[in-house]
Amino acid sequence: MRGRPSLQVVAFAVAVAGVHLAAQAAGRGFFLTQLTMSAWYTLVVLGLSLLMGYAGQISLGQAGFFAIGGYASAALTTLDLAPHRGHALVAALARARLLVPRADLFGGEALSVAPWAAFAVAVALGAAVAVAIGIPVLRLKGHYLAMATLAFGTIVSSVVVGSQGLGAADGISGVPPFELVPGLRVGGGGGDRVRNYYLAWGVVALALWLLLNLIRSRVGRALGAIHGAEDAARAMGVDVARLKLRTFVLAAVMATVAGSLLTHYNGGIGPSEASVLKSVRYVAIVAVGGMGSLWGTLAASSVLNFLSLRGTFGTWDDAVFGAILVGVMLFAPEGILQANLRALLRPLGIGRGEEGA
Amino acid sequence: MTLLEVRGVSKRFGGVRAVRGVSFAVPKGAIKGVIGPNGAGKTTLFDVVSGFRAPDEGEVLLRGAPVQGLPPHAVAALGMSRTFQNIKLFGHMTALENVMVGRHVRSRAGFLGGMLQLPGARREEREIARAALDAMDFLGVRDLADAPAGRLAYGQQRAVELARALAADPEILLLDEPAAGLNMRETADLAKLVVRIRDRGVTVLLVEHDMSLVMGVCDEVVVLCFGEKIADAPPREVQRDPDVVRVYLGE
């Protein structure tokens, strides 16, 4: 009998609530802010973990997809179409509530794209770019794939820094909260802190449940087969190129969603989110968690991102993640958390059932 | 009725002509063997038939429809399954999971079905597991279902690989040197097994180095030498063929 994803996710939800209560009891309620941000970054690395650990493909361009999501949402929800109110198209979009009025910095009324519409555009854009990049790039393997995705990340990064429309080196600020349903909004207002914490980790739990289901399914076995013996997988009817592309797009969409929502939470985004160093950091976290272990990735991401966001590593932040990556590759290519964490969690029924795939 | 037909297939690697204008037919329900000394072009021919290599010239017809140049997964979807000379199992997966992958072509659940555990996908998953266990039963390795494939003994790995190929319910099964690494007794068991597979209604094409297996079970045998076909007849006739004797025993 293997661990059931639903039960594992319930155990995870209990842990999330436990951390909240512990932070509260310790008088460190403000930790929830960094924990919430850490959750959105965790969404990025869970997708990358599927891509690297299960499909066996590396991407050094995940920050690029994160940035596409963040910048698309930020740009669309902060642009001002009020001067063009008279234009037929603008008027029609406003009537369809795709454009909403909001107060600008000087108290005047601006007309911007509604957050959910911007989110839809961001995700569609991220997926489209992933397909366009993935088709040529996934023909490559190993170092070449790493370099090609690195190049993609570099391009996004330079576009972002070089575009006045995207705020160049300053990025975009003043991004409004994203009201998902009445009373539940992704945004940094003090009163929303607890709700945002549960919302973000709820999305992570949902993603985890979906991915745990996936790796135990027909598609998950096919991914494992590609990883194990690609020729044999092909001989058994697995369309390798198509499966790799879909996994790549899934991971990219997860990064895009995270980018968009974290940008709403922070109220803005800057070019550092698009930097290649961020992509390296994501890869380092997956490596620490252990290739092919969603739970290991989850644990590594929660802790490392939280510490980083609390400023624990100071000015050495990027260097720490680089050093971690080198260290893991040299001394524990299976991932530091892999063996120990599994042994630790096995009695709880966590971490089983994903070993196979 | 001809199930598989190879027509004038040639394949070059640089200056080496590995296969030269080879033609033969595999009747439905037959066990056909391809033999030849090392370097005769057996493996290349096998790769061309199963879609792993495109031929430079010639055609491969499955039920009369050309399949040469199609990628392996497309050929598999048309009812052709294969094993590998140097067994290729998914070592980190269990034996059962390996065999379940064999069922890939007979199932269709995608990303959404798998992630959301949709009812259709769950039903299909049970069907996949049942078919995989049936195939393991047939090969007598059902009790190995939960063992990691990478830790199985050599003979067990061969059996699991065969179960994986059979789980696809193929119309034709291609066996690439199935007797490689087996002792005489295991080879005799394999011969019986190949006949049982055919009796299930699966046509078999096997490439083999081991003469005893081929002569014992095949209805017809193609003999290759330096990429060319030098004989194509029932085993008894092939054994008497002067060209074949010369190739195998020297003059």
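Fair warning: this is a prediction, and the values are worked out from it, not measured in the lab.

A. Seen up close, the overall build of chain B. When its secondary structure is counted, chain B shows ten helices and ten strands. A compact globule built from 251 residues should have a C-alpha radius of gyration of about 18 Å, and chain B, at 19 Å, falls within 12% of that. Counting only C-alpha atoms, chain B reaches 65 × 40 × 35 Å along its principal axes. Within chain B, the fraction of its 251 residues that count as buried is 47%.

B. Region of the structure containing the overall build of chain A. From N to C terminus, chain A includes 14 helices and six strands. Expected size for 357 residues packed as a compact globule is a radius of gyration near 21 Å; at 21 Å, chain A falls within 12% of this value. Principal-axis analysis of the C-alpha atoms places the extent of chain A at approximately 60 × 50 × 40 Å. Within the span of chain A, comprising 357 residues, buried residues form 51% of the whole. Contacts in chain A between residues at least 24 apart in sequence constitute 79% of all its contacts with a sequence separation of at least 6.

C. Broad picture of the nonpolar core. Counting 181 residues, the largest nonpolar core has A:Ala258 and B:Ala163 as the members making the most contacts within it. No other element matches the 16 residues that helix H2 (residues 31-54) of chain A contributes to this core. Residues in contact with B:Ala163, not counting those within four places in the same chain, are B:Val99, B:Ala135, B:Met136, B:Leu139 and B:Val141.

D. Spatial organisation of the interface of chain A and chain B. Tallying the contact residues gives 25 residues for chain A and 32 residues for chain B. Every element with two or more residues in the side of chain A that touches chain B is listed here: helix H7 (193-215), helix H8 (218-228), helix H9 (230-235) and helix H10 (240-266) of chain A. Sort the elements by how many residues they give to the side of chain A that touches chain B and H8(A) lands first, with eight residues. For the side of chain A that touches chain B, the class distribution of residues is twelve nonpolar, seven polar and six charged.

E. Local environment of the sheet that holds strand S5 (residues 65-66) of chain B. Residues and elements named next belong to chain B. Pairing is antiparallel in the open sheet, where four strands are placed in the order S2-S1-S4-S5. Every interior strand has two partners, whereas the edge strands, strand S2 (16-27) and S5, have only one. Looking at chain direction, strand S1 (residues 2-13) and S2 are connected through eight bridges and run antiparallel. In the strand pairing of S2, Leu4 is matched with Val26.

F. How the structure looks around the environment of A:Ala92. Residue and element names in this part refer to chain A. Mapped onto the fold, Ala92 is located in helix H4 (residues 88-95). Note on Ala92: 11 C-beta atoms within 10 Å, which makes it exposed. Taking the C-alpha atoms as reference points, Ala92 and Val19, 73 residues apart in sequence, are found 47 Å from one another.

G. Spatial organisation of the sheet that holds strand S6 (residues 80-82) of chain B. All names here are of chain B. If you trace the six strands from one edge of the open sheet to the other, you get S6-S7-S8-S3-S9-S10, paired in mixed fashion. In this open sheet, the two strands that pair with only one neighbour each are S6 and strand S10 (228-233). The sheet shows a mean angle of 15° between the axes of neighbouring strands, taken without regard to direction. Pairing of strand S3 (residues 31-35) with strand S8 (residues 203-208) involves five bridges; the strand directions are parallel. When the sheet's bridge partners are listed, Ile31 is paired in S8 with Val204. Relative to strand S7 (residues 172-176), helix H1 (residues 42-49) is tilted by about 150°, and along the sheet it contacts S3, S7, S8 and strand S9 (220-225).

H. Representation of the packing of helix H3 (residues 95-102) of chain B against helix H6 (residues 154-167) of chain B in the model. Residue and element names in this part refer to chain B. Here H3 crosses H6 at 30°, and the two axes come no closer than 6 Å. As judged from the angle between their axes, H3 and H6 are roughly parallel. As H3 runs across H6, the sense of the crossing is right-handed. Contacts from Ala95, Asn98, Val99, Val101 and Gly102 in H3 reach Val160, Ala163, Arg164, Ala165 and Ala167 in H6. Class assignment for the residues of the contact of H3 with H6 results in seven nonpolar, two polar and one charged.

I. Structural view of the pairing of S3(B). Residues and elements named next belong to chain B. For S3, the buried fraction is high: five of the five residues fall into the buried class. Burial of S3 is two-sided: the residues Ile31, Gly33 and Ile35 facing one way and the residues Lys32 and Val34 facing the other way are all buried. Of the pairings in the sheet, the one linking S3 to S9 comprises four bridges and is parallel in character. Looking at S9, one finds that Lys32 is bridged to Glu220.

J. Structural view of helix H6 (residues 142-162) of chain A. Counted at 1.5 Å a residue, the expected span for H6(A) with its 21 residues is 30 Å, and the 30 Å between its end C-alpha atoms agrees. At its buried positions, H6(A) is contacted by helix H3 (62-78), helix H5 (115-137) and helix H11 (276-289) of chain A.

K. Examining unusual backbone geometry more closely. Although it is not a glycine, A:Ala168 adopts a positive phi angle of roughly 45°. Here A:Ala168 shows up in the loop between H6 and strand S3 (172-173). Located in the positive-phi region is B:Phe226, a residue other than glycine, with phi close to 50°. Tracing the sequence through the fold places B:Phe226 in the loop between S9 and S10.

L. How the structure looks around the environment of B:Gly79. Residue and element names in this part refer to chain B. With respect to the helices and strands, Gly79 occurs in the loop between helix H2 (72-77) and S6. Sequence separation between Gly79 and Gly8 is 71 residues, and the spatial gap between their C-alpha atoms is 22 Å. Once you skip the residues sitting within four places of it in the chain, Gly79 turns out to touch Pro170, Glu171 and Ile172.

M. Up close: the confidence of the model for chain B. Residues and elements named next belong to chain B. Averaged over every residue, the pLDDT of chain B is 93; residues scoring 70 or more account for 99%. Between the elements of chain B, mean pLDDT differs from a low of 83, seen in helix H10 (residues 242-249), to a high of 97, seen in H3. Under the prediction, the complex receives an ipTM of 0.93, its pTM being 0.90.

N. Main features of the environment of B:Asp146. Residue and element names in this part refer to chain B. With respect to the helices and strands, the residue Asp146 is situated in the loop between helix H5 (119-138) and H6. Once the C-alpha coordinates of Asp146 and Ala95 are considered, the two residues, 51 residues apart in sequence, prove to be 6.1 Å apart. Residues in contact with Asp146, not counting those within four places in the same chain, are Thr94 and Leu96.

What counts, and at which threshold
Residues numbered from 1 in each chain as written. Chains lettered and ligands numbered in written order. Predicted model: local features only at pLDDT ≥ 70, side-chain atom pairs only at ≥ 80, totals over all residues. Helix = DSSP H or I, 4+ residues; strand = E, 2+ residues; numbered from the N terminus. Rg over C-alpha atoms; globule rule 2.2 N^0.38 Å. Buried ≥ 20, exposed ≤ 12 C-beta atoms within 10 Å, placed from the backbone. Contact = placed C-beta atoms within 7 Å. Core = buried A, V, L, I, M, F, W, Y, C linked by C-beta atoms within 7 Å. Nonpolar A, V, L, I, M, F, W, Y, C, P; charged D, E, K, R; others polar. Pairing = 2+ DSSP bridges. Axes fitted to C-alpha atoms, helices over the stretch in contact; angles between N-to-C directions. Parallel < 35°, antiparallel > 145°, perpendicular 65-115°, else oblique. Left-handed = near helix turned anticlockwise from the far one by under 90°. Expected span 1.5 Å × (residues − 1). pLDDT = per-residue confidence, 0-100.

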